[in-house]
Amino acid sequence: MSDHLAKEAHRLKHDEIFNMALDRIRAEALEGLALTDADDITAILKLQCRVFAVDEIRSTLDAYIMAADVQENPGSFS
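Described in the following lines is the structure provided in the data block.

Each value, and the rule that gives it
Residues numbered from 1 in each chain as written. Predicted model: local features only at pLDDT ≥ 70, side-chain atom pairs only at ≥ 80, totals over all residues. Heavy atoms only, no water. Helix = DSSP H or I, 4+ residues; strand = E, 2+ residues; numbered from the N terminus. Buried < 20%, exposed > 50% of the residue type's maximum accessible area, 1.4 Å probe, protein only. Expected span 1.5 Å × (residues − 1). Arc of directions from axis to C-beta. Polar contact = N/O pair within 3.5 Å; in protein donor to acceptor, adjacent residues only side chain to side chain. Salt bridge = Lys/Arg side-chain N within 4 Å of Asp/Glu carboxyl O.

## Some points on the environment of Ala 21
Here is step 1: Relative to the helices and strands, Ala 21 is located in helix α2 (residues 16-35).
Here is step 2: The class for Ala 21 is partly exposed, based on a relative accessible area of 36%.
Here is step 3: A C-alpha to C-alpha distance of 9.7 Å links Ala 21 and Val 54, two positions 33 residues apart in sequence.

The following block contains the structure:
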């Protein structure tokens, strides 16, 4: 994993506007889920996909950061 990728992931993870956008997408999707007719499977799946996508973006950024941390700090077993 490149150090550049980890740095960019860290930058995005802490970017206020980027996080505001992700928070808004997720919140609107959750609100939509609360208001959507339970029989409207297509709408429910679409909204669930939005929540999942936001969560996956954040998890992926965390994984890039953690991977770089592991490479930098291999530790000692002696």
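That shown, we press on.
## Examining α2
Here is step 1: Along its 20 residues, α2 runs 28 Å from first to last C-alpha, staying within 8% of the 28 Å computed at 1.5 Å per residue.
Here is step 2: Residues of α2 that are buried: Asn 19, Leu 22, Ala 29 and Gly 32. All buried residues of α2 project into a common sector of 165 degrees when viewed along the axis, lining one side. For α2, the exposed residues lying more than 90 degrees away from the buried face are Glu 16, Ile 17, Arg 24, Glu 31, Ala 34 and Leu 35.
Here is step 3: In this structure Asp 15 caps α2, since a side-chain oxygen of it lies 3.2 Å from the backbone nitrogen of Ile 17.

## Some details on the pattern of salt bridges
Here is step 1: Per the stated rule, a full pass over the model turns up six salt bridges.
Here is step 2: Among the salt bridges present, the one from Asp 3 reaches Lys 7, with a minimum N-O distance of 3.1 Å. On the criterion of helical spacing, the pair formed by Asp 3 and Lys 7 is a turn pair, its members being four residues apart in helix α1 (residues 3-13).
Here is step 3: In this structure, Arg 26 engages Asp 55 in a salt bridge whose closest nitrogen and oxygen atoms are separated by 2.8 Å. Here Asp 55 lies in helix α3 (residues 41-72) and Arg 26 lies in helix α2, a separation of 29 residues in the sequence.
Here is step 4: Residue classification places Arg 26 among the partly exposed residues on the basis of a relative accessible area of 26%.

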